[in-house]
Amino acid sequence: MNKIKERMESLRTLMRANNLDAFITPSTDPHSGEYVPDRWKSRSWISGFTGSAGTAAATLDKCALWTDSRYFLQAEEQLKDTDYVLMKEKIEGTPSVAEWLTANLKSGDTVGVDGWTNTVTAVEELAEELKLKGIKLRTDIDPYDTIWEDRPEIPAQKAFIHPIKYAGETSASKLARIREKLQKTNADALLISMLDEVAWTTNLRGNDIEYNPVFVSYLLVTTESATLYTRKCKIDAETEELLKTEGIDVEEYSQIEQSLKSFKGRVMVQPDKTNYRVYSFISNPLRCECPVSYMKIMKNEVEINGYRSAMLKDGIAMVRWMKWMTEAVKNGNQTELSLEKKLYEFRAEQPLFKGESFASIMGYGPHGAIVHYEPTEETDIPVKPESLLLIDSGGQYLDGTTDITRTIPLGPLTDEERRDYTLVLRGFINLGRAHFPKGTCGTQLDCLARTPMWEYGINYLHGTGHGVGSFLNVHEGPHQFRMNHMPTTLEPGMTITDEPGIYIEGKHGVRHENTMLIVYDKEGITFGPYYKFEHLTLCPIFTSPIIKEMMQDEEVKWFNEYQETVYEKLSPNLDEEHRQWLYEITRPI
């Protein structure tokens, strides 16, 4: 019996002992994070699937795992030696978790979830669906505390100060803005659960989660005080003193329960971001969106200049790596992992570099079709001077976070590879050069990136773009480019990526991605103002795969202007050898 089957048997033994007929394990932690500390990687532990998004469900004799299109191929590979059935989300005929449970359980059965790792919204919606079939829901059990031997502890690494020269606004100022929102909504307090929102408000950062500079904590802001709940060992004397000057007290992480139970005022809480257990401690909740979500995505001038600085450094590192990589692959003995390691080294040489912003996606040939492929010792393959290499990576710098994708030709390409490269580039350009009126949301622009592909009967199922934090999480919302409705309007000061793609299983993947800043364009003739995108990312796009005859004149013009901008901004920071290489790569088409 392999380890996943052994773990499933341990879970089922505990389920029987607690009169549970099913148990659901999400990907999240008590703070609804996309990426979580090791302690809460329960779904990965029980299933063997390591993608960042997914839900595992088990009955006493069946188990299934749900994930989105980014991870279909990865999940198929990682689940093949288990009893899990892969459920492909948003594919016709795929049941929801609740539908699968009601089909496999009977009236009177009980489903268990951990109230600490499921949001209020998730629990209430699930309970309502199960109730229709007479199935009960329990939220008071965490089986992994019992069956997961040597389960990691809550992280104890030190939090650290994010200086005002990078943050651009004091914590005291941010708290004052939050209290204005409290006053307008007749609330007495706001509970902040999302780790990036706590980090942004307090001007602290941490190392509790790989790639995301955040720390495990809650923040309770009242009309008169603010209290940070985290492991006290994480806060040194200097940090605690700074917090005091900003009006923030520090309490032990576990004290959040007692503090909420004793607070009698009206507490603002966002139900789809707050775990069910913490919510149950609040006697008078006001359910609404957390105002910090919107404050955080509207970048101030210091943050915007920080992005530009970080993108310049990242572009220098990328150019140095690209030149080295194209020569090294021709010479042989390179693999996906060796290329990934070298890119990290080039980034690490840049000032203010603190680490990667996510695990690099270095997909050569067929691996490029796995949307979120991460090479491992088991999957690593040689990279040859032929076909395409898809590299999606980013860096965390003290002054900004970067996220970039380039698809690189390594030698002779097929007509299909060149077609797909050009179609993705056209979609990337169409979205990236858009002009749009105030009040536009990302869903209304998403089709600009897809239209060239749709004409050929090609599509992709992931979103086309997401916000990017300021030395924070690389994925930031709520604004996005996505086919399904995302109502948040796009406003100047927001960052967002532009990353369409084509993925042909077993053959290749193509994706181009820039991080952009929404800026004012013009008042317009009617119904203005109008906005546009400033492309923050500075990195050349290889021209040899492009089929120019497939492109519109306006697309060619925009592309050549972008390449020229890349050269003008990066070349003064390069030596003559790299400057000449960049000049050749950015020649007009």
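Residues numbered from 1 in each chain as written. Predicted model: local features only at pLDDT ≥ 70, side-chain atom pairs only at ≥ 80, totals over all residues. Heavy atoms only, no water.

What about helix α1 (residues 3-17)?
Phase 1: The end-to-end C-alpha distance of α1 is 21 Å, a good match for the 21 Å that 15 residues give at a rise of 1.5 Å each.
Phase 2: Among the residues of α1, those classed as buried are Ile4, Met8, Leu11, Arg12, Leu14 and Met15. Viewed along the axis of α1, the buried residues span an arc of 160 degrees, placing them on a single side of the element. With respect to the buried face of α1, the exposed residues turned more than 90 degrees away are Lys3 and Ala17.
Phase 3: Where α1 begins, one side-chain oxygen reaches toward the backbone nitrogen of Ile4, 3.2 Å away; that side chain belongs to Asn2.
Phase 4: Asn19 lies just past α1 and shows a positive phi near 60 degrees. (Helix = DSSP H or I, 4+ residues; strand = E, 2+ residues; numbered from the N terminus. Expected span 1.5 Å × (residues − 1). Buried < 20%, exposed > 50% of the residue type's maximum accessible area, 1.4 Å probe, protein only. Arc of directions from axis to C-beta. Polar contact = N/O pair within 3.5 Å; in protein donor to acceptor, adjacent residues only side chain to side chain.)

So, the domain arrangement of the protein chain
Phase 1: Under the domain assignment, the protein chain is made up of domain 1 (3-147), domain 2 (160-295) and domain 3 (301-586).
Phase 2: A C-alpha centroid distance of 29 Å is found between domain 1 and domain 2.
Phase 3: Contacts between the two partners involve 18 residues from domain 1, matched on the other side by 21 residues from domain 2.
Phase 4: Across the domain 1 to domain 2 interface the summed buried area is about 1,600 Å²; carbon plus sulfur atoms make up 62%.
Phase 5: Of all residues in domain 1, His31, Trp116 and Val120 give up the largest surface area on contact with domain 2, accounting jointly for 41% of the area buried on that side.
Phase 6: Across the contact surface, domain 1 and domain 2 share one salt bridge. (Domains from an automatic or database assignment. Contact = heavy atoms within 4.5 Å. Buried area = accessible area lost by both parts, 1.4 Å probe. Salt bridge = Lys/Arg side-chain N within 4 Å of Asp/Glu carboxyl O.)

Describing the side chain of Thr537
Phase 1: With respect to the helices, strands and loops of the structure, Thr537 is situated in the loop between β28 (530-535) and α18 (553-570).
Phase 2: By relative accessible area, which is 3% here, Thr537 ends up buried.
Phase 3: Not counting residues up to four positions away in its chain, the partners in contact with Thr537 are Met311, Asp403, Ile404, Arg406, Asn514, Thr515 and Tyr562.

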